Amino acid sequence: MKQKSALVRFLIVLVGLIVIGLVAVAPTPDGLSGQGKLALVIFLVSIIFWVTEVMPIAITGWAMVGLLPLLGILTPDQTWSASINNAIIFYLCCFAFACFVGRSSIATRLTGMILKWAGTNSSRVLLGFMVVTALISTLMDNLPLCAVMLPIAYGVLDANNTPTGGKSAFAKCIAIGIPWAAAIGGAMTPSGCIINVLAMTLIEQNFGVSISFIQWMAFGVPLAVITIPAGWFALIKIFKPEVLSQSAVDSGVRRAEELPKLPRHEVGGIAVMLITLVVWIASSWIPEINITVVSLIALGFMFFPGIEAIRFDDFLTDSPWGMMLLMMAVNVLVAALSITGAMEWVVSTVMAPMTAWPLVVTMIVLSVIGCILHNVIPAGPACAGLIAVPFATIIGGMGGSIAATCAMVAWWSAIALMLPLDGVPLLSYSSNRKYFSFGDMVKVGWAPSLVMVIITVTLTPATAALMGLA
């Protein structure tokens, strides 16, 4: 997204602050406290600032957090303590895994295997890229994974002499399909996307509903197993990708075959990742295993003498610290809404009519709202912070599953399939290659989005019921 001029951004900030000031002196609606009114308008203005990108979104988040103690909404101690939780610590390990995969030869080797299997059949090549991307995404956040996989796929396109500028159907499929797969694959495990952990934390803190690693996988794996093939099928049927040249296939296979034997540090890094995943899954049956503690130990092993899978300087450079800072700011803004009673007021006043509808109708409407919201608001953590508690309050109050709602909130806050505004599809869309347009993504994105809506209101709640989750 092209940055607005300094004057335009200044005016947006000025208008936002004026709105906060006007709301502060305006009459307070019945049932809402003065502090709750201010907490609500600060959160909404924050979203506007994030969407318009008046400043780096993490900085914007913390600047708005500063207004909470300044205006007496929270005490300073309440403000700072709300920012940190297990989710923040847990994801340090995931940052290390992402750094390792991004700087290893793993993706190149897997690409060679895909091309050897698929040959010149572009539909099979696309499926291979999407499946591999989704599987890696279970242990790696979506955006850095997309940044790893896209250049490798572009290498295949270049070897095929694929034109830029939206002239190639196969290029459209690759440029849209890989971001889709990264986002959908990230739904399979808590470690697959930082927003999964944020949603789980918000639900546990506000409702006391805890979801284990394997229980999340019971939600996420079926979603990916159904939605990725559905997205792939939509891509190849709507765009009809052209056949690859044999020379492009041979080039990709040759690049992989020319790599030396897996070096020691890559073997060690793969071992640490796989063992960590096994232990995380085992924590679902062994309550003494704390996944955050496990993640810290795994983080240490990534730098352990004799393994040294990554260098510390690379870890600092590659890790999305801005996303972590944003997540911490969202924690505080949501805590303010909860502590002041603003969240309860929103549910009882704004969303009360939904409680008169049949449960399945309410779930469909909320799922569609979640889908549309993140497609137009690129800040995924902000979406999760905005809808997690209200959605769970409504569905839980109607007898639905809070745990299933948590999954729905996390997925829609992390996955945008129709517009390339979220960071994952934006990474592909903003490339100077210009393989696809806004219209292309809308044209094909409705299909997997519809599939996800159906899953979130049928299969996910049914899975929660089978597991006995509230």
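Just so we're clear, the structure is a prediction, and the values are computed from it rather than from any experiment.

Basis of the calculations
- Residues numbered from 1 in each chain as written.
- Predicted model: local features only at pLDDT ≥ 70, side-chain atom pairs only at ≥ 80, totals over all residues.
- Heavy atoms only, no water.
- Helix = DSSP H or I, 4+ residues; strand = E, 2+ residues; numbered from the N terminus.
- Contact = heavy atoms within 4.5 Å.
- Areas by Shrake-Rupley, 256 points an atom, 1.4 Å probe, with all protein chains shown as cover.
- Lys, Arg positive; Asp, Glu negative; His and termini not counted.
- Charge placed at Lys NZ, Arg CZ, Asp CG, Glu CD.
- Axes fitted to C-alpha atoms, helices over the stretch in contact; angles between N-to-C directions.
- Parallel < 35°, antiparallel > 145°, perpendicular 65-115°, else oblique.
- Left-handed = near helix turned anticlockwise from the far one by under 90°.
- Nonpolar A, V, L, I, M, F, W, Y, C, P; charged D, E, K, R; others polar.
- Polar contact = N/O pair within 3.5 Å; in protein donor to acceptor, adjacent residues only side chain to side chain.
- Phe/Tyr/Trp six-rings, centres within 6.5 Å; stacked < 30°, edge-to-face > 60°.
- Buried < 20%, exposed > 50% of the residue type's maximum accessible area, 1.4 Å probe, protein only.
- Expected span 1.5 Å × (residues − 1).
- Arc of directions from axis to C-beta.
- Patch = residues over 30% accessible without salt bridge, like charges linked within 9 Å, V, L, I, M, F, W, Y side chains within 5 Å.
- Salt bridge = Lys/Arg side-chain N within 4 Å of Asp/Glu carboxyl O.
- Bend = angle between axes of the 7 residues up to and from the residue.

J.: Is there a simple way to explain the overall build of the protein in this structure?
T.: Of regular secondary structure, the protein possesses 23 helices and zero strands. Oriented by its inertia axes, the alpha-carbon framework of the protein measures out at about 70 × 50 × 50 Å. Counting only contacts in the protein whose residues sit at least 6 apart along the sequence, the fraction spanning at least 24 positions is 79%. Within the structure as shown, the protein displays about 18600 Å² of accessible surface, and the carbon and sulfur contribution to it stands at 70%. Both charge centroids of the protein, one from 20 positive and one from 19 negative side chains, sit 12 Å from each other.

J.: Explain the side chain of His 374 to me, please; I cannot follow it from the model alone.
T.: Its location among the elements puts His 374 in helix 18 (residues 359-376). Sequence-distant contacts of His 374, defined by excluding residues within four places in its chain, comprise Gly 380, Cys 383, Trp 412, Ser 413, Ala 414, Ile 415, Ala 416 and Asp 422.

J.: Would you mind showing me how to read the packing of helix 1 (residues 6-25) against helix 2 (residues 34-52) here?
T.: A packed helix pair is summarised by two numbers, namely the angle formed by the two axes and the spacing between the axes. Interhelical geometry of helix 1 versus helix 2 gives an angle of 165° and a closest axis separation of 10 Å. Taken together, the axes of helix 1 and helix 2 are roughly antiparallel relative to one another. Read as a crossing pair, helix 1 and helix 2 show a hand that is right-handed. Taken together, the residues of helix 2 that come into contact with helix 1 (itself represented by Ile 12, Val 13, Gly 16, Val 19, Ile 20, Val 23 and Ala 24) are Lys 37, Leu 38, Val 41, Ile 42, Val 45, Phe 49 and Thr 52. Across the contact of helix 1 with helix 2, the residue classes break down as 11 nonpolar, two polar and one charged.

J.: Got a minute to help me understand the side chain of Ser 168 in this structure?
T.: With respect to the helices and strands, Ser 168 occurs in the loop between helix 8 (142-159) and helix 9 (169-185). From its side chain, Ser 168 meets the backbone nitrogen of Ala 171 in a polar contact 3.0 Å long. Only 2.5 Å separates the side chain of Ser 168 from the side chain of Glu 242, close enough to count as a polar contact. Discounting chain neighbours no more than four positions away, the residues touching Ser 168 are Thr 162, Pro 163 and Glu 242.

J.: Would you take a moment to explain the packing of aromatic side chains for this structure?
T.: Pairs of aromatic rings are described using the distance from one ring centre to the other and the angle between the two planes. Taken as a whole, this structure holds 15 aromatic pairs when the rule is applied. Judged by centre distance (5.4 Å) and plane angle (90°), the ring pair of Phe 95 and Trp 321 falls under edge-to-face. Of this pair, Phe 95 sits in helix 5 (residues 86-103) while Trp 321 sits in helix 16 (residues 321-339), and the two are 226 residues apart along the sequence. A relative accessible area of 3% means that Phe 95 is categorised as buried.

J.: What is the right way to read helix 3 (residues 57-70) from this model?
T.: What sets the pattern is the α-helix's 3.6 residues per turn: residues three or four places apart point alike. Between its first and last C-alpha atoms helix 3 spans 20 Å; for 14 residues at 1.5 Å apiece the expected length is 20 Å, and the two agree. Of all the positions in helix 3, only Ala 58, Thr 60, Gly 61, Met 64, Val 65, Leu 67 and Leu 68 are classed as buried. Buried residues of helix 3, seen end-on, are gathered within an arc of 170° and therefore sit on one face of the element. Looking at the buried side of helix 3, the elements it contacts are helix 1, helix 2, helix 4 (76-83) and helix 16. At the exit of helix 3 stands Gly 72, carrying a positive phi of roughly 75°.

J.: Help me understand a nonpolar patch on the surface, please; the structure alone is not making it clear to me.
T.: A contiguous nonpolar surface patch, about 710 Å² in accessible area, is contributed by Leu 7, Phe 10, Leu 11, Leu 14, Ile 18, Leu 22 and Val 25. Of note, Ile 18 is situated in helix 1. On the basis of relative accessibility, which here comes to 44%, the residue Ile 18 falls in the partly exposed class.

J.: Explain helix 11 (residues 213-239) to me, please; I cannot follow it from the model alone.
T.: In this model helix 11 runs 37 Å from its N-terminal to its C-terminal C-alpha over 27 residues, within 8% of the 39 Å that 1.5 Å per residue would give. Of all the bends in helix 11, the greatest, near 25°, is centred on Phe 219, and the proline Pro 222 appears no more than four residues after it. Backbone geometry just after helix 11 places Lys 240 at a positive phi near 50°.

J.: Honestly, the pattern of salt bridges in this entry has me stumped. Any pointers?
T.: A side chain with one charge may pair with a side chain of the opposite charge, provided their charged atoms come close. Throughout the structure, instances matching the rule amount to six salt bridges. Between Arg 103 and Asp 314 there is a salt bridge; the shortest N-O distance is 3.5 Å. Pair noted here: Arg 103 is in helix 5 and Asp 314 is in helix 15 (residues 312-318), with a separation of 211 residues, a long-range link. Overall, Arg 103 belongs to the partly exposed group, its relative accessible area being 47%. The residue Asp 314 makes a salt bridge to Arg 311 at a minimum N-O spacing of 3.2 Å. Residue classification places Asp 314 among the buried residues on the basis of a relative accessible area of 11%. For Arg 311, a relative accessible area of 51% translates into the label exposed. Each of Arg 103, Arg 311, Asp 314 and Asp 318 takes part in one network of salt bridges that share partners.

J.: Help me understand unusual backbone geometry, please; the structure alone is not making it clear to me.
T.: Note: most residues except glycine have negative phi, and most peptide bonds are trans. One non-glycine residue, Glu 308, adopts positive backbone phi at about 45°. Looking at where Glu 308 falls in the secondary structure, it is placed in the loop between helix 14 (291-302) and helix 15. The backbone phi angle of Lys 434 is positive, close to 55°, even though this residue is not glycine. Position of Lys 434 among the secondary structure elements: in the loop between helix 21 (423-429) and helix 22 (438-457).

Geometric descriptors of this kind do not, in isolation, establish any biological role.
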